[in-house]
Amino acid sequence: MNDVLKISSFVLKILAISVIAISLLYATQFVLDDKQFAFVSTPSYVIIPGILAVISTYTAIKEWKNNTSNKLAMVFFAAGVVCWFVAEQIWLTLDIVFDQDSFPSFADVFYLIGYPFFITFLILHLKTIQHRITMPVILFSVVISL
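All figures in this text were calculated on a predicted structure; none of them were measured in a lab.

Draft legend 1. Geometry of the overall build of the protein. Helix and strand counts for the protein stand at five helices and zero strands. Written out in order from the N terminus, the α and β elements of the protein read α-α-α-α-α. In summary, the protein has a C-alpha radius of gyration of 19 Å against a globular reference of 15 Å for 146 residues, an excess of more than 25%. The principal-axis extents of the C-alpha atoms in the protein amount to approximately 50 × 35 × 35 Å. Residue burial in the protein is summarised as follows: out of 146 residues, 18% are buried. The protein carries 8 positive and 9 negative side-chain charges, and their two centres are separated by 23 Å.

And the structure:
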């Protein structure tokens with residue numbers, strides 16, 4: 001149990017550092033002009049969704065091999081993330097390589113395909129923890145989202 005807490009603490013520290021680092025990178029947009037900021041933002045549109053796609057796919061495969069109760073939900077989550085990653089790459093290619101207006105584009109199809117995957121993931125994942133969802137939790141979620 002102690003090892004799990006150490007790993008969770010480490011992961012939370014990495015996530016917090018990542019959020020701070022990305023926020024600081026994006027804060028440079030107030031100092032740089034649009035062309036200079038493109039050198040900061042463009043790699044982040046490739047790297048961040050790419051990391052998420054790799055990690056979610058790895059997690060889905062691991063969950064499937066371990067035959068957990070969330071295995072199908074994680075497959076849908078990974079499929080949604082991969083769809084959005086593909087959409088980001090198409091959008092960047094159209095915008096940077098071909099210098100075209102990126103809306104509407106073929107990337108929008110992948111963005112839209114990702115939503116059913118995410119909704120299915122949400123439903124499947126919530127079914128596994130349905131007994132822990134109480135009325136105060138629902139009310140808190142509604143208040144936070146408002």
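Draft legend 2. Examining helix α3 (residues 71-97) more closely. End to end, α3 covers 38 Å across 27 residues, agreeing with the expected 39 Å (1.5 Å per residue, within 8%). Within α3, the full set of buried residues consists of Ala73, Met74, Ala78, Gly80, Val81, Cys83, Ala87, Glu88, Ile90, Leu92 and Leu94. Tucked inside the fold, the buried residues of α3 contact α2 (34-65) and α4 (107-128).

Draft legend 3. Structural context of the confidence of the model for the protein. Confidence in the prediction for the protein averages 86 pLDDT; 94% of positions are at 70 or higher. Looking at the elements of the protein, mean pLDDT is at its lowest for helix α1 (residues 2-27), recorded as 77, and at its highest for α4, recorded as 93.

Definitions and limits used
- Residues numbered from 1 in each chain as written.
- Predicted model: local features only at pLDDT ≥ 70, side-chain atom pairs only at ≥ 80, totals over all residues.
- Heavy atoms only, no water.
- Helix = DSSP H or I, 4+ residues; strand = E, 2+ residues; numbered from the N terminus.
- Rg over C-alpha atoms; globule rule 2.2 N^0.38 Å.
- Buried < 20%, exposed > 50% of the residue type's maximum accessible area, 1.4 Å probe, protein only.
- Lys, Arg positive; Asp, Glu negative; His and termini not counted.
- Charge placed at Lys NZ, Arg CZ, Asp CG, Glu CD.
- Expected span 1.5 Å × (residues − 1).
- Contact = heavy atoms within 4.5 Å.
- pLDDT = per-residue confidence, 0-100.

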